[in-house]
Amino acid sequence: MIKIIYTWKDNPALTREQCEQHYLNVHTRLAVQNMENSDGVVAYVQSRVKSCIVHDYNNPVGRIAEPDFDRMVELYVASEEVLNAMMDPAALNDTFADHVHFQNVDIPGSLKIYIVDETIPFQRNFRVG
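Summarised in this report is the structure supplied together with it. Values in this document were obtained by computation on a predicted structure and should not be read as measured data.

By volume, the largest pocket is sized at about 450 Å³. In terms of lining residues, the largest pocket is bounded by 25 residues, among which Tyr6, Ala31, Met86, Leu92 and Thr95 are the most central. Secondary-structure elements contributing two or more residues to the lining of the largest pocket are strand 1 (2–8), helix 1 (16–36), strand 2 (41–48), strand 5 (71–77), helix 2 (80–86) and helix 3 (89–97). Here the lining of the largest pocket takes five residues from helix 1, the largest share from any one element. By residue class, the composition of the lining of the largest pocket is 18 nonpolar, seven polar and no charged.

Right, here's the structure in full:
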């Protein structure tokens, strides 16, 4: 299993709500359509940053800070082959073209993509909702 994490900041010309509505109602549909064509996509998890608390080594109390990103997506894929197929620029044209409608695309590193190794040292089954 391979985990990919995507992070970005909201488009500053839009409100948080406008970015969120477009992302959830338009972009998510585009992304899911691309994923439905691959049996190797296992999960697509969306997260919205609510707040950011920073702890400095010498001050463990913490403080509220501007988050490095506004949204994070976790994508789980079954293999390296699936990952490579998903990263094919031709397969991503429609989804990348849509980024201007909710992402700040005018900053360096406007979309950060992390391919990570995941370790789960503790897990409890729970139901959301």
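A word on the pattern of salt bridges. Taken as a whole and assessed by the stated rule, the structure comprises eight salt bridges. For Lys3, the salt bridge is made with Glu74, and the minimal N-O distance between the two is 2.7 Å. You can see Lys3 sitting in strand 1 and its partner Glu74 sitting in strand 5, a full 71 residues away along the chain. With a closest N to O distance of 2.6 Å, Glu118 and Lys3 form a salt bridge. With Glu118 in the segment after strand 6 (111–116) and Lys3 in strand 1, this residue pair connects regions lying 115 residues apart in the sequence. Using a relative accessible area of 38% as the deciding quantity, one classes Glu118 as partly exposed.

A word on the pairing of strand 1. The element strand 1 is extensively covered by neighbouring structure, given that seven of its seven residues are classed as buried. Alternating residues of strand 1 divide into Ile2, Ile4, Tyr6 and Trp8 and Lys3, Ile5 and Thr7, and every residue in both groups is buried. For strand 1 and strand 6, the ladder comprises six bridges, and the chain directions are antiparallel. Across the sheet, residue Lys3 finds its bridge partner in strand 6, namely Val116.

Definitions and cut-offs
- Residues numbered from 1 in each chain as written.
- Predicted model: local features only at pLDDT ≥ 70, side-chain atom pairs only at ≥ 80, totals over all residues.
- Heavy atoms only, no water.
- 1 Å grid on protein atoms, 1.4 Å probe; cavity = no way out; pocket = protein on both sides within 12 Å on 5 of 7 lines; lining within 4 Å.
- Points joined across faces, edges and corners; volume = space filled by probe spheres on them.
- Helix = DSSP H or I, 4+ residues; strand = E, 2+ residues; numbered from the N terminus.
- Nonpolar A, V, L, I, M, F, W, Y, C, P; charged D, E, K, R; others polar.
- Salt bridge = Lys/Arg side-chain N within 4 Å of Asp/Glu carboxyl O.
- Buried < 20%, exposed > 50% of the residue type's maximum accessible area, 1.4 Å probe, protein only.
- Pairing = 2+ DSSP bridges.

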